[in-house]
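What follows is each chain in one-letter form.
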Amino acid sequence: MTIKDVFEKVSLETPIEQRRFFNYYNDSVSELEGLYGNDKKNLFKGEPVIVKSLSDESTVLPLYNTAIVDNILFLTGLGESHKGEFIRKAHAVYLKYWKDGAKGKQVKNLGW
Amino acid sequence: MFDSGIAASAFVSGLKNEIDIALPISNKTYIEWLNALEQLLYTEFIREQCKIILANETEIDIESVTVPAEENNIRFEDIYTVFVDDVQLMKSTIVNPDIFVGIYYKQGKKLCVKTETVPEEIIIYYFVKPALKTVNASDVIQTGNVMLPYEFIDIVGAKLRGEAYKLANEDANAAKWLNDYNALLESFKAWALSRQSKFGM
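The residue numbering used here restarts from 1 in each chain and proceeds along that chain's sequence as written. Written order determines the labels here, with chains lettered from A and ligands numbered from 1. Totals for whole chains, interfaces and linings use every residue, but because this is a predicted model, local features are given only for residues with pLDDT of at least 70 and side-chain atom pairs only at 80 or more, for both listing and counting.

Colleague: Quick one: what's the story with the packing of helix 3 (residues 65–75) of chain A against helix 4 (residues 81–102) of chain A, residue by residue and with numbers?
Modeller: Residue and element names in this part refer to chain A. The axes are straight lines fitted to the C-alpha atoms, using for helices just the contacting stretch, and the angles between their N-to-C directions are given from 0 to 180°. Here a helix means four or more residues in a row that DSSP labels H or I, a strand means two or more in a row labelled E, and each is numbered from the N terminus. At a minimum axis separation of 8 Å, helix 3 and helix 4 run at an interaxial angle of 160 degrees. Taken together, the axes of helix 3 and helix 4 lie roughly antiparallel to each other. Regarding helix 3 and helix 4, the two cross each other, and that crossing is left-handed. Residue-level contacts link T66, A67, D70, N71, L73 and F74 of helix 3 to H82, K83, E85, F86, K89, A90 and V93 of helix 4. With respect to orientation, any angle under 35 degrees is reported as roughly parallel, any angle over 145 as roughly antiparallel, any angle of 65 to 115 as roughly perpendicular, and every other angle as oblique. Crossings are assigned a handedness: left-handed for a near helix turned anticlockwise from the far helix by less than a right angle, right-handed for a clockwise turn. A pair of residues counts as a contact when their C-beta atoms, built from backbone coordinates, are separated by no more than 7 Å.

This is how it looks when you write it as structure tokens:
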């Protein structure tokens with residue numbers, strides 16, 4: 001999902017200026033970084049970037065964008081339920097990437 | 001823009017024949033009421049958008065911008081949004097250009113933009129309004145149609161009758177027609193709302 005796709009999904013719900021959208025998008029990515037930033041490989045492909053244009057490429061892994069849409073809708077004032085959805089979807093996506101990354105790896109017995 | 005196809009002069013003439021008051025009311029007064037109503041309906045309910053592209057300027061005398069003949073001049077308040085070279089600007093105040101870029105604001109009658117680079121072109125999206133109808137020195141109504149959907153032409157009739165009776169102190173008739181106008185206005189609002197876009201700004 002590109003930045004333009006995210007913008008389209010948000011625009012389907014509410015009219016929003018581009019600058020407000022970019023700020024909310026970047027804020028949402030920062031929130032994700034706050035939640036899962038210790039495990040960057042399951043959040044970003046490459047280094048985080050600040051989005052400033054619809055043609056920019058986000059480095060957030062693509063499945064997080066549905067969660068980001070919810071957070072932007074929350075930030076535009078469309079209700080608390082979107083915040084809950086953001087957290088739920090982000091966590092599900094994080095677990096998916098974590099599991100995908102863990103496939104084939106053995107968990108070391110820590111001895112307890 | 002909507003065009004009923006009915007000339008304002010013919011419409012007012014028909015109303016004047018029908019309204020039963022002793023007080024003579026000039027065409028100019030009827031046209032002022034008609035203009036005020038049209039401007040209100042276009043600004044508040046119809047909100048049809050148009051765009052105009054200007055060359056690289058950072059201060060634009062917005063009321064002097066040339067628009068098609070059937071349109072009224074643009075006021076700053078009619079601006080919906082502004083793009084500069086594909087970047088959408090945010091509406092701001094005169095306080096902010098020293099702090100932020102990527103904004104537009106009102107300074108006197110001018111539209112000013114503050115951007116990171118000198119803009120190549122400025123695209124202004126605005127709410128269109130019909131040109132004001134006029135009367136000449138002899139109180140003859142000049143050309144121009146009633147610019148509303150034909151099915152809502154009764155709004156204009158009710159409003160103008162109501163105002164005429166009100167001016168003549170015929171309160172019962174004025175109340176009747178202005179109530180009718182308010183009811184028609186509600187229908188028109190619902191009609192316009194159901195036709196608004198459902199996607200994007």
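Structure's up, so let's keep going.
Colleague: Which residues make up the interface of chain A and chain B, and what are the values?
Modeller: Chain A puts 6 residues into the contact, and the matching count from chain B is 6 residues. Looking at the side of chain A that touches chain B, the elements that each hand over two or more residues are helix 1 (3–13) and helix 2 (18–36) of chain A. When residues are grouped by polarity, Ala, Val, Leu, Ile, Met, Phe, Trp, Tyr, Cys and Pro land in nonpolar, Asp, Glu, Lys and Arg in charged, and all others, Gly among them, in polar. Each residue belonging to the side of chain A that touches chain B can be placed in one class, and the counts come to 2 nonpolar, 2 polar and 2 charged.

Colleague: How would you sum up the nonpolar core? Please name residues and give values.
Modeller: With 36 residues, the main nonpolar core has A8(B), L34(B), V82(B) and V156(B) as its most contacted residues. At the level of secondary structure, the elements contributing two or more residues to this core comprise helix 1 (8–18), helix 2 (27–46), strand 3 (79–84), strand 5 (103–107), strand 6 (110–114), strand 7 (121–127), helix 3 (153–167) and helix 4 (171–194) of chain B. With 7 residues, helix 2 of chain B is the single largest residue contributor to this core. Each of domain 1 (8–46 + 131–194) and domain 2 (49–127) of chain B contributes no fewer than three residues to this core. Apart from the residues within four sequence positions on either side, L34(B) is in contact with A8(B), K133(B), V156(B) and L160(B). When buried Ala, Val, Leu, Ile, Met, Phe, Trp, Tyr and Cys residues are joined through C-beta atoms within 7 Å, the set is termed a nonpolar core. Put simply, a residue is buried when 20 or more other C-beta atoms lie within 10 Å of its own C-beta and exposed when 12 or fewer do; between those, it is partly exposed, and each C-beta is set from the backbone. V6(A), L73(A), L75(A) and F86(A) belong to the second largest nonpolar core, which has 23 residues in total. Throughout the structure description, domain borders are defined by an automatic or database domain assignment.

Colleague: Account for the sheet that holds strand 3 of chain B, with residues named and values stated.
Modeller: All names here are of chain B. DSSP-based pairing: two strands are paired if at least 2 bridges between them are found. One open sheet accounts for 7 strands, arranged 1-7-3-4-5-6-2; its pairing is mixed. The sheet terminates laterally at strand 1 (49–55) and strand 2 (59–61), the two strands that pair on one side only. For this sheet the average axis-to-axis angle between neighbouring strands, irrespective of direction, equals 30 degrees. Relative to strand 6, strand 2 is paired through 3 bridges, and the arrangement is antiparallel. Considered in strand 6, the bridge of I60 is made with L111.

Colleague: Can you explain the confidence of the model for chain B? Please cite residues and give values.
Modeller: Confidence scores here are pLDDT values: one per residue, from the predictor, ranging 0 to 100. Across chain B, the average pLDDT comes to 93, with 100% of residues at or above 70. The complex prediction reports pTM at 0.86, with the ipTM value standing at 0.77.

Colleague: Lay out the domain arrangement of chain B in plain terms, naming residues and giving numbers.
Modeller: Residues and elements named next belong to chain B. As far as domains go, chain B holds domain 1 (8–46 + 131–194) and domain 2 (49–127). Domain 1 and domain 2 are separated by 33 Å when their C-alpha centres are compared. Contacts between domain 1 and domain 2 engage 4 residues on the former and 5 residues on the latter. Tallied by class, residues from the side of domain 1 that touches domain 2 come to 3 nonpolar, 1 polar and no charged.

Colleague: Can you tell me about helix 3 of chain B, naming the residues and giving the values?
Modeller: Residues and elements named next belong to chain B. The end-to-end C-alpha distance of helix 3 is 22 Å, a good match for the 21 Å that 15 residues give at a rise of 1.5 Å each. Looking at helix 3, one finds that the buried residues are I155, V156, A158, K159, L160, R161, G162, E163, A164 and Y165. Among the residues trailing helix 3, N169 stands out with phi positive, at a value near 60 degrees. Expected helix span is taken as 1.5 Å per residue step, with the number of steps being one fewer than the number of residues.

Colleague: With reference to specific residues and values, describe the pairing of strand 6 of chain B.
Modeller: Burial along strand 6 of chain B is one-sided: L111(B) and V113(B) are buried, and none of K110(B), C112(B) and K114(B), which face the opposite way, are. In textbook terms, the turn of a hairpin is the stretch between consecutive antiparallel strands, and for strand 5 of chain B and strand 6 of chain B this stretch comprises 2 residues, one of which, G108(B), has a positive phi near 65 degrees.

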